[in-house]
Amino acid sequence: MVVLGIDTSNYTTSAAIFDGETGVNIGRLLEVRPGELGLRQSDALFQHVKRLPGLLAELAGEGRLAGIKAVGASTRPRAVEGSYMPCFLAGEGQGRGIAAVLEIPFYAHSHQQGHLAAAAWSAGRLDLLDAPFLAWHLSGGTTELLLVRPEGWTVTAEIIGGTSDLSAGQLIDRTGVLLGLQFPAGKALDGLYAQADACYEPRVKLKDLTFSLSGMENQVKALAEEGEKPANIARFTLDAVSNVVWRATQEAQRRYPGLPVLCSGGVASNTQLRAGLTGICGAIVAQPQYSTDNAMGTAIFTWRALKAGEQP
């Protein structure tokens, strides 16, 4: 039983197939002009509309779409009332069209739910989706610490902590653009980290499970104005994010003893952050290719919904 999943986030166009055990995801980053911090929704939507047919043709050319039994797509950022982002209309529209033509079910999911499922699957822990767990969603637009609970074939996620202003991804990307790096800048900053020869040990204040990163952005700008080396600025930024995420994770583990911690989202692919989350906190971290935006989680929940006999 093979299903198709589609995700059209503000950063990546993705399509995936899943058969209950194995799957394949293909994705393409959206094009962002040098020096810019992301895309307007209209531009992202336009790029998705142009790119998605090519990705589907690639899957079809490999014979992977033969006999699909259902289609699913990310239709909103989070599974809460009022959550909306126009870029998801591209995947939803084409997904509903494919399902109608093939006379198969279409299932709607949230982008965040997809991240959680993809992370669990890539870590070999799909069983996490069937019991409560803690999770980080660390991405370009989201830095949320979640209490996740199963709900039938899907999950619900309650925000219990995270950032109160800038997301970790925004701080990283703004630092990267300030240093003249291509957006998104996480991979480039990760590469610069090893070249640093100074350690500033930034300390972000943690209140309960919540923190602010805007002050770190001001310090990054000050370091740049003082002529600090790009590698040292990169290290400052990544250390600031990693340190506070580690501390918030440990505090959450004290408050919710016994619950496993799953980490998802593009920022979770950072080398330093991953090392601390696994080594210090014992967290379960997605494989890097399934930390970034992808459609695998959407395909997984589509398969689970179809297996459960859920009516769209």
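Refer to the structure above for everything that follows.
Residues numbered from 1 in each chain as written. Predicted model: local features only at pLDDT ≥ 70, side-chain atom pairs only at ≥ 80, totals over all residues. Heavy atoms only, no water.

**Q** What should I look at first to understand the overall build of the protein chain in this one?
**A** Looking only at helices and strands, one finds nine helices and 12 strands in the protein chain. Against the 2.2 N^0.38 benchmark of 20 Å for 312 residues, the protein chain shows a C-alpha radius of gyration of 19 Å, consistent with a compact globule. Its C-alpha atoms put the protein chain at 60 × 45 × 35 Å along the principal axes. Buried residues in the protein chain amount to 54% of all 312 residues. Of the contacts made within the protein chain by residues no fewer than 6 positions apart, 70% connect residues no fewer than 24 positions apart. As displayed, the protein chain has an accessible area near 13200 Å², and 51% of this comes from carbon and sulfur atoms. On the protein chain, the mean spot of the 26 positive side-chain charges and the mean spot of the 30 negative ones are 1 Å from each other. (Helix = DSSP H or I, 4+ residues; strand = E, 2+ residues; numbered from the N terminus. Rg over C-alpha atoms; globule rule 2.2 N^0.38 Å. Buried < 20%, exposed > 50% of the residue type's maximum accessible area, 1.4 Å probe, protein only. Contact = heavy atoms within 4.5 Å. Areas by Shrake-Rupley, 256 points an atom, 1.4 Å probe, with all protein chains shown as cover. Lys, Arg positive; Asp, Glu negative; His and termini not counted. Charge placed at Lys NZ, Arg CZ, Asp CG, Glu CD.)

**Q** Whenever I open this one, the pairing of strand β8 (residues 154–163) confuses me. Can you help?
**A** Consecutive side chains of a regular strand alternate in pointing toward one face of the sheet and then the other. The pairing of strand β7 (residues 143–151) with β8 spans eight bridges and is antiparallel. By the bridge assignment, Val 148 is partnered in β8 with Ala 157. Taken together, β7 and the strand that follows it, β8, pair antiparallel across an intervening segment of two residues, in which Gly 152 is found at a positive phi of about 65°. (Pairing = 2+ DSSP bridges.)

**Q** Looking at this structure, I do not really get the sheet that holds strand β12 (residues 284–285). What am I missing?
**A** Sheets are built from strands paired through backbone hydrogen bonds, the pairs being either parallel or antiparallel. Pairing within the open sheet is mixed, and its seven strands lie in the order β9-β10-β8-β7-β6-β11-β12. Looking at strand neighbours, the two that pair on one side only are β9 (206–207) and β12, the edges of this open sheet. Summarising the sheet, β8 and strand β10 (residues 210–211) pair through two bridges and their orientation is parallel. In the strand pairing of β10, Thr 163 is matched with Phe 211. Contacts from helix α3 (residues 111–122) reach β6 (133–138), β7, β8 and β11 (261–264), with the element oriented near 115° to β11. (Axes fitted to C-alpha atoms, helices over the stretch in contact; angles between N-to-C directions.)

**Q** Sorry if this is basic, but what is going on with the nonpolar core here?
**A** A general tendency of soluble globular proteins is for nonpolar side chains to be buried together. In this structure, Trp 136, Leu 213, Val 245, Cys 263 and Leu 277 are the most contacted members of the largest nonpolar core, which totals 41 residues. Where this core is concerned, the elements lending two or more residues are β6, β7, α4 (168–178), α5 (186–193), α6 (214–225), α7 (230–255), β11 and α8 (271–279). Sort the elements by how many residues they give to this core and α7 lands first, with 11 residues. Setting aside residues no more than four positions away along its own chain, Leu 277 makes contact with Val 245, Trp 246, Thr 249, Cys 263, Gly 282, Ala 283 and Val 285. Listed in part, the 31 residues of the second largest apolar core include Tyr 107, Ala 117, Leu 129 and Ala 135. (Core = buried A, V, L, I, M, F, W, Y, C linked by side-chain atoms within 4.5 Å.)

**Q** For this particular structure, what's the right way to read the pairing of strand β2 (residues 12–18)?
**A** The element β2 is extensively covered by neighbouring structure, given that seven of its seven residues are classed as buried. Burial along β2 is two-sided: Thr 12, Ser 14, Ala 16 and Phe 18 facing one way and Thr 13, Ala 15 and Ile 17 facing the other are all buried. Examined bridge by bridge, strand β1 (residues 3–8) and β2 share six bridges and lie antiparallel to one another. The residue bridging Leu 4 from the neighbouring strand is Ile 17, located in β2. Following β1, the chain reverses through three residues before pairing antiparallel with β2. Inspection of the sheet shows β2 paired to strand β3 (residues 23–29) by seven bridges, in the antiparallel sense. By the bridge assignment for β3, Thr 12 is matched with Leu 29. The turn joining β2 and β3, which pair antiparallel and follow one another in sequence, is formed by four residues; a positive phi near 105° is taken by Gly 20.

**Q** Help me understand the environment of Val 80, please; the structure alone is not making it clear to me.
**A** If you trace the backbone, Val 80 turns up in the loop between β4 (70–76) and α2 (88–102). Take Val 80: its relative accessible area is 30%, and that puts it in the partly exposed class.

Limitation: the analysis is restricted to geometry and does not speak to function.
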